[in-house]
Amino acid sequence: MAGRTLLTRLDELCNVDVDDADIEFIKSLPLKPYNQTSNQAIITQAITSTTNRPILRDCIKNYGSQGWETVFERVSVRICANNVPLIMGRVLIQTSPKHIHDDMAIVNQCRRFAAAFEEAGVPRDRFAIKIPFTGSGAVASRTLNAEGIRTLATAVFCLEQAIAASQSGCLLISPYFNEIAAHFDPALRPNVVDTALEHPMSPRIIQMLEAFKTFYTETGEEQPIMVIASHLSPEEVLAMAELGCQHVTVSQDNYRQLIASPDESPATTRTKPTHPYAGLSTPERLQSLAQKDPLSGTEKNGLAASLDTDYVAQNGKILDAAIERDYVATKRMNDAMKFFTEWEEKAKQIIEDGISKLSLT
Ligand SMILES: O=C(CO)[C@@H](O)[C@H](O)[C@H](O)[C@H](O)COP(=O)(O)O
């Protein structure tokens, strides 16, 4: 069929989210994304765009006296609130990497985000908050989801984090398919031909999906919806559908490549799942991945996670210990938090410069 692109194909297989907050980019897309995800890097880039300059100026004027963090929170909410009419589901913003080991600081920041969304006229079913998933992140998520502020478990690298996301009632979950460092260092990019079968993160994704399927079947309770992030190519994005994910979040760069690539494969024989787990079954050719963990070194059996352990217990200590035992999860979490801290520092500088200029006028 003329005009079919890889994005057309992806849209037939998965709910497609946008991992960007740039309103002009979202408006330019040939489809209406489902959710809009973001993080400190995405928001800081958005606040420096010409379109959002008036929002930044306004927030500095109204909240500058309360310090840069209040301005950053308010500006993030305003930028995402403007995207609500352009998407079908929820806009998402992320809590500060500073708070990852302080559950009450996470809860308080989320409550401030929720109040700001309410003021901006965004109802609770049109936003969610992304929480880096440490033990404290899981404890905070349990409190927040119980009070109706829905959360997404982000920076997820191991099965124990996924089990804890289910146990704390998260609405969504974002495992990173690649580590952040791989975006900057080509040597860290997996060199595979068959992404779904050979990528070293695929087994962990299959194990997370199967855990959610088991929980859903046994309890009938909704499980966190997979919104995998951090892909290095359109092929990786498309592989999420084969792994069995109902959603995927796609960066600007991957959207551009999906749109520019004609779909030359035979027509799709599947449709997107109407429920994330009810009809889920791992394709036969991927079933062996449930028993493998190429990311785990000799120091840890990567298949040691237990569906019966309460990882949120002891104020999140059980989950933190599981992450610490897993070299890959620990390194990737640390790298991700360093990356978000650097972007948050950039935002702080921009906002503090704006506050100083305003006090001079
Ligand atoms: O976790 C989510 C979506 O929920 C993403 O926003 C996630 O933070 C990003 O995809 C990763 O940090 C990677 O960012 P990038 O290097 O692909 O821009």
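Use the structure listed above.
Residues numbered from 1 in each chain as written. Predicted model: local features only at pLDDT ≥ 70, side-chain atom pairs only at ≥ 80, totals over all residues. Heavy atoms only, no water.

### Section: the overall build of the chain
What the chain contains, in helices and strands, is 15 helices and seven strands. Expected size for 361 residues packed as a compact globule is a radius of gyration near 21 Å; at 20 Å, the chain falls within 12% of this value. By principal-axis analysis of the C-alpha atoms, the chain measures approximately 65 × 55 × 40 Å. For the chain, with 361 residues in total, the buried portion stands at 57%. The contacts of the chain with a sequence gap of at least 6 include a subset with a gap of at least 24, amounting to 71%. Accessible surface, the chain as shown: approximately 15500 Å² in total, 51% of it carbon and sulfur. In the chain, 35 side chains carry a positive charge and 45 a negative one; their mean positions are 5 Å apart. (Helix = DSSP H or I, 4+ residues; strand = E, 2+ residues; numbered from the N terminus. Rg over C-alpha atoms; globule rule 2.2 N^0.38 Å. Buried < 20%, exposed > 50% of the residue type's maximum accessible area, 1.4 Å probe, protein only. Contact = heavy atoms within 4.5 Å. Areas by Shrake-Rupley, 256 points an atom, 1.4 Å probe, with all protein chains shown as cover. Lys, Arg positive; Asp, Glu negative; His and termini not counted. Charge placed at Lys NZ, Arg CZ, Asp CG, Glu CD.)

### Notes on the site of the ligand
Every one of the 15 residues lining the ligand counts as a neighbour, but Asp19, Asn39, Lys130, Thr154 and Ser174 are closest to it. A distance of 2.9 Å is found between an oxygen atom of the ligand and a side-chain nitrogen or oxygen belonging to Lys130. A distance of 3.5 Å separates an oxygen atom of the ligand from a polar atom in the backbone of Ser230. Taken by itself the ligand offers 440 Å² of open surface, and the protein chains cover 89% of this. Taken together, the residues of the shell around the ligand sort by class into five nonpolar, eight polar and two charged. (Near = heavy atom within 4 Å. Polar contact = N/O pair within 3.5 Å; in protein donor to acceptor, adjacent residues only side chain to side chain. Nonpolar A, V, L, I, M, F, W, Y, C, P; charged D, E, K, R; others polar.)

### So, the sheet that holds strand E3 (residues 127-132)
Each strand in a sheet pairs with its neighbour through backbone hydrogen bonds, running either in the same direction (parallel) or in the opposite one (antiparallel). Read from one edge to the other, the open sheet built from seven strands follows the order E1-E7-E6-E5-E4-E3-E2, with strand pairing classed as parallel. The sheet is open, and its two edges are formed by strand E1 (15-18) and strand E2 (91-94), each paired on a single side. On average, adjacent strands in this sheet sit at an angle of 25° to one another, irrespective of strand direction. By the bridge criterion, four bridges tie E3 to strand E4 (residues 151-156) in an arrangement that is parallel. Paired with Ile129 across the bridge in E4 is Thr151. Packed onto the sheet, helix H11 (residues 202-219) meets E4, strand E5 (172-175) and strand E6 (225-228) and runs at close to 160° relative to E6. (Pairing = 2+ DSSP bridges. Axes fitted to C-alpha atoms, helices over the stretch in contact; angles between N-to-C directions.)

### Side note on helix H3 (residues 40-47)
Most of H3 is tucked away, with seven of its eight residues classed as buried. All of the buried residues in H3 are Gln40, Ala41, Ile42, Ile43, Thr44, Ala46 and Ile47. A distance of 2.9 Å separates the backbone nitrogen of Ala41 from a side-chain oxygen at the start of H3, and that oxygen is part of Asn39.

### Overview of the environment of Pro283
Topologically, Pro283 is positioned in the loop between helix H13 (252-260) and helix H14 (317-325). Given the relative accessible area of 25%, Pro283 is considered partly exposed. Sequence spacing of Pro283 and Glu242 is 41 residues, and the spatial spacing of their C-alpha atoms is 7.7 Å.

### Some words on the environment of Ala114
Inspection of the secondary structure assignment puts Ala114 in helix H6 (residues 103-119). Taking the relative accessible area as the measure of exposure, Ala114 reaches 6% and is therefore buried. Distance from Ala114 to Arg57, taken between C-alpha atoms, is 22 Å for residues 57 residues apart in sequence. Beyond its immediate chain neighbours, meaning those up to four positions away, Ala114 contacts Arg124, Phe127 and Ile149.

### Overview of H11
With 18 residues, H11 extends 26 Å from end C-alpha to end C-alpha; this agrees with the ideal 26 Å at 1.5 Å per step. Within H11, burial applies to Ser202, Pro203, Arg204, Ile205, Ile206, Gln207, Met208, Leu209, Ala211, Phe212 and Phe215. Phi turns positive one or two residues past the end of H11, at Gly220, with a value near 75°. (Expected span 1.5 Å × (residues − 1).)

### Brief notes about unusual backbone geometry
Positive phi values are uncommon outside glycine, yet Ser230 reaches one of about 65°. Of the residues examined, Ser230 reaches a relative accessible area of 11% and is grouped as buried. Positive phi, normally seen in glycine, also occurs at Gln314, with a value near 50°. Turning to its location among the elements, Gln314 is positioned in the loop between H13 and H14. Judged by its relative accessible area of 55%, Gln314 is exposed.

### With respect to the nonpolar core
Most often, soluble globular proteins keep nonpolar side chains buried together rather than apart. Residues Leu10, Phe133, Ile205, Met226, Leu243 and Tyr255 are the most contacted members of the largest nonpolar core, which totals 74 residues. If sequence neighbours within four positions are ignored, Ile205 has contacts with Pro175, Phe177, Met226, Ile228, Leu243 and Cys245. (Core = buried A, V, L, I, M, F, W, Y, C linked by side-chain atoms within 4.5 Å.)

### Considerations on the packing of aromatic side chains
Per the counting criterion, the structure on display carries seven aromatic pairs. Taking the centre distance of 5.9 Å and the plane angle of 75° together, the rings of Phe25 and Tyr255 count as edge-to-face. A residue pair is termed long-range when its members are at least 10 positions apart, and Phe25 in helix H2 (residues 23-28) and Tyr255 in helix H13 qualify at 230 residues. Across the pair, Tyr255 and Phe25 agree in class, each one buried. Feature note: the residues Phe184, Phe339 and Phe340 constitute an aromatic cluster, connected by ring pairs. Here the basic side chain of Lys346 rests over the ring of Trp343, its NZ or CZ set 3.8 Å away from the ring centre. (Phe/Tyr/Trp six-rings, centres within 6.5 Å; stacked < 30°, edge-to-face > 60°. Lys NZ or Arg CZ within 6 Å of the ring centre and 35° of its normal.)

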